[in-house]
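# Breakdown of the fold
If you want the building blocks of each chain, they are given just below.
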Amino acid sequence: MTATLEVAEGVGTLRLDRPPMNALDIATQDRIRELAEEATRREDVRAVVIYGGEKVFAAGADIKEMQVMDHAAMVLRARALQDSFTAVARIPKPVVAAVTGYALGGGCELALCADIRIAGDNAKLGQPEILLGLIPGAGGTQRLARLIGPSKAKDLIFTGRQVKADEALALGLVDRVVPAADVYAEAHAWAAKLAQGPAIALRAAKESVDIGLETDIETGLAVERNWFAGLFATEDRERGMRSFVEEGPGKAKFL
């Protein structure tokens, strides 16, 4: 298997496993989509960690595989490539990328699909496709600009340069930097905490933010409004409000 999904205590770890560099060949891309869809369906998965291992997240696409593809072949493949990553972005549950070592090209684009990114102090991120005479093709031109702004995104995409963890943090490309040995534990702890939270409300929050970023504010407000009202029909809302009144804030248990 080029990737696996292991579930424990409500957290699904989507683990890339294609040594030595987790190059994202077609088989791995397709496997990522399958596992993202599985994580979406499974009720025992309430949060997700994307992890490449202790040494590397994912160093990018399999260049040898891509080198033999012509225009016609990539026309047929490009949508499936994007769909694989979009499946991760659309997991309706909290998703954190645990980034160690290289997250370049497709690896960086995969990390961009998470809700937050926790990086090791050994991490290096970037979109080096321009150095191959290409542009990012798995969402990098879109998600990176939305995350860090167009000017900063263009700098990384135009130059193809790699940024170390401290610069990635300053750019907003990652959200937290920790010692490399602690990356998975930190990411898992974040996911495990949210796995104990109100699943439908978390889904509503994620969808409202994501749709709002992709549309006008009036449409975004309508999505928020509909979700906000709809949550009043859930048991979690009843439990949360009852706990607040009887015990004070922050003590509700949703499982």
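Attention here is on the structure that accompanies the text. Numbers given for residues are sequential positions, taken from 1 along each chain in its written order. Predicted model: local features are reported for residues with pLDDT of at least 70 only, side-chain atom pairs are reported and counted for 80 or more only, and whole-chain, interface and lining totals are derived from all residues. With hydrogens and water excluded, all non-hydrogen atoms of the structure serve as input to the side-chain values.

### Structural notes on the nonpolar core
- To define a nonpolar core, start from buried Ala, Val, Leu, Ile, Met, Phe, Trp, Tyr and Cys residues and group those joined through side-chain atoms within 4.5 Å. Buried residues are those whose accessible area, probed at 1.4 Å on protein chains only, stays under 20% of the maximum for their type, while exposed residues exceed 50% and partly exposed ones sit between those limits. One finds F57, L125 and L173 to be the most contacted residues of the largest nonpolar core, which totals 45 residues.
- Helix numbers and strand numbers start at the N terminus; a helix is a DSSP run of H or I with at least 4 residues, a strand a run of E with at least 2. When residues of this core are assigned to their parent elements, the largest contribution, five residues, is made by helix α3 (residues 71-89).
- By size, the runner-up hydrophobic cluster in this structure holds 13 residues, among which are V11, V96, I116 and V183.

### Structural notes on the sheet that holds strand β7 (residues 124-126)
- Reading across from one edge, β5-β7-β8 is the order of the three strands in this open sheet, with mixed pairing throughout. Edge positions in the open sheet fall to β5 (102-104) and β8 (162-164), since each of these has one partner strand only. On average, each strand axis in the sheet is inclined to that of its neighbour by 20°, with strand direction left out of account.
- Pairing of β5 with β7, which is carried by three bridges, proceeds in the parallel orientation. Across the sheet, the residue bridging to L104 is G126, located in β7. Two strands are counted as paired when DSSP detects at least two bridges linking them. Angles shown run from 0 to 180 degrees and are taken between the N-to-C directions of axes, each axis being a line fitted to C-alpha atoms and, for helices, limited to the stretch in contact.

### Some thoughts on the pairing of strand β4 (residues 95-99)
- Along β4, five of the five residues are buried, which leaves the element largely enclosed by surrounding structure.
- Residues V95, A97 and V99 point to one face of β4 and V96 and A98 to the other, with burial holding for every one of them.
- Two strands pair when backbone bridges link them, and strand β3 (residues 47-51) and β4 are joined in this way by four bridges, in the parallel orientation. Looking at the pairing, V49 lines up with V96 of β4.
- As defined by bridge partners, β4 adjoins strand β6 (residues 116-120) across four bridges and the pair is classed as parallel. Residue pairing in the sheet places V96 in a bridge with I116 of β6.

### Brief notes about the packing of aromatic side chains
- Between the rings of Phe, Tyr and Trp (Trp by its six-membered ring), a pair exists once the centres lie within 6.5 Å; its type follows the angle of the planes, with under 30 degrees stacked, over 60 edge-to-face, and the other angles tilted. Enumeration according to the criterion identifies two aromatic pairs in this entry.
- Note on Y51 and Y184: the rings are 4.8 Å apart at their centroids and 40° apart in plane angle, and the pair reads as tilted. Of the two residues, Y51 is situated in strand β3 and Y184 in helix α8 (residues 183-195); the sequence distance between them amounts to 133 residues.
- Using a relative accessible area of 10% as the deciding quantity, one classes Y51 as buried.

### Let's talk about a nonpolar patch on the surface
- Taken together, the side chains of I63, L132 and L134 define a hydrophobic patch exposed on the protein surface, amounting to about 260 Å² of accessible area.
- Topologically, L132 is positioned in the loop between β7 and α5 (140-148). Any residue with relative accessible area above 30% and no salt bridge may belong to a patch, with like charges joined within 9 Å and the nonpolar Val, Leu, Ile, Met, Phe, Trp and Tyr side chains within 5 Å. Working definition of accessibility: Shrake-Rupley area with a 1.4 Å probe, residue cover restricted to the visible protein chains. By definition here, a salt bridge exists when the distance from a side-chain nitrogen of Lys or Arg to a carboxyl oxygen of Asp or Glu is within 4 Å.

### What to know about the side chain of S243
- Relative to the helices and strands, S243 resides in helix α11 (residues 235-247).
- Any two residues whose heavy atoms approach within 4.5 Å are treated as being in contact. Here S243 is in contact with G248, K251 and A252, once residues within four sequence places are set aside.

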